[in-house]
Amino acid sequence: MFIGELPIVSIVASTIDGRRKGACLFCQEYFMDLYLLAELKTISLKVTTVDMQKPPPDFRSNFDANPPPILIDNGMAVLENEKIERHIMKNVPGGYNLFVQDKEVATLIENLYSKLKLMLLKKDDVSINSLLSHLRKINLHLEKKNTRFLTGDTMCCFDCELMPRLQHIRVAGKYFMDFQMPTDLRYLWRYMLHMYQLDAFTQSCPADQDIVNHYKQQQNVKMKKHEELETPTFTTSIPVELDLQQDE
């Protein structure tokens, strides 16, 4: 695990097969951050998955009970989320440009995930409307900004934070509550279309089944045997009634 000088990011493995990418939001967020830097060739990157139900002996001996994400850079392990973010920003080549300062955007996407979790717990109109209201604020921001991403036409750390959460809202919301993002959130859908076209997102995105199972585990719902055998699927489509090509 400590061979070589290239950054290594360990992420949680699927709770279904123990090998593919799991549905940890922070793991995907930092995977995306580092993938973008690797695309710019400021770094080389290695990604490993760790089955936390059966962690390998070297992982247990090195990291004890610390769950991924874990960043290893030049032989140094960075374990906590805030420290990983700070390390990428200050120590990984190109990272400083990725972590832009924008208080408005930071406030805008804050608490979005907690509203998803509340909706899945309460399953009532109040929690649904609260989530919808938050999504509409993001849509309005994107409309006013009229750029491909949250702060401009290039991706930044906020996009790596927001998009995995939007994917969880799409997949888990649909599965547990038949919740769907309204098609009138045109600028939000356009944003998601741009993200679906990027390797940084598609290469880091967990399968739909892993996102669903993530919340089943939180609700102490056991996975059925046939679910373990399902071919992984990935929701990356845009509603057919939305013609977004004219917006390009």
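All values derive from a computational prediction rather than experimental measurement.

Draft legend 1. Highlighting the domain arrangement of the chain. Assigned domains within the chain: domain 1 (8-98) and domain 2 (103-229). Its C-alpha centre places domain 1 at a distance of 21 Å from the equivalent point of domain 2. Taken together, the contacts link 19 residues of domain 1 with 27 residues of domain 2. Here domain 1 meets domain 2 over a buried area of about 2100 Å², counting both sides, of which 61% is carbon and sulfur. Looking at the side of domain 1 facing domain 2, the largest losses of area belong to I16, L25 and M32, adding up to 31% of the total buried there. Where domain 1 meets domain 2, there are two salt bridges. As a salt-bridge pair, R165 and E29 come within 3.8 Å of each other at their nearest N and O atoms. Run the count over domain 1 and domain 2 and you get six residue pairs in polar contact (both at pLDDT 80 or more). With 10 residues, the single largest contributor to the side of domain 1 that touches domain 2 is helix α1 (residues 25-39).

Reading the values: rules and limits
Residues numbered from 1 in each chain as written. Predicted model: local features only at pLDDT ≥ 70, side-chain atom pairs only at ≥ 80, totals over all residues. Heavy atoms only, no water. Domains from an automatic or database assignment. Contact = heavy atoms within 4.5 Å. Buried area = accessible area lost by both parts, 1.4 Å probe. Salt bridge = Lys/Arg side-chain N within 4 Å of Asp/Glu carboxyl O. Polar contact = N/O pair within 3.5 Å; in protein donor to acceptor, adjacent residues only side chain to side chain. Helix = DSSP H or I, 4+ residues; strand = E, 2+ residues; numbered from the N terminus.

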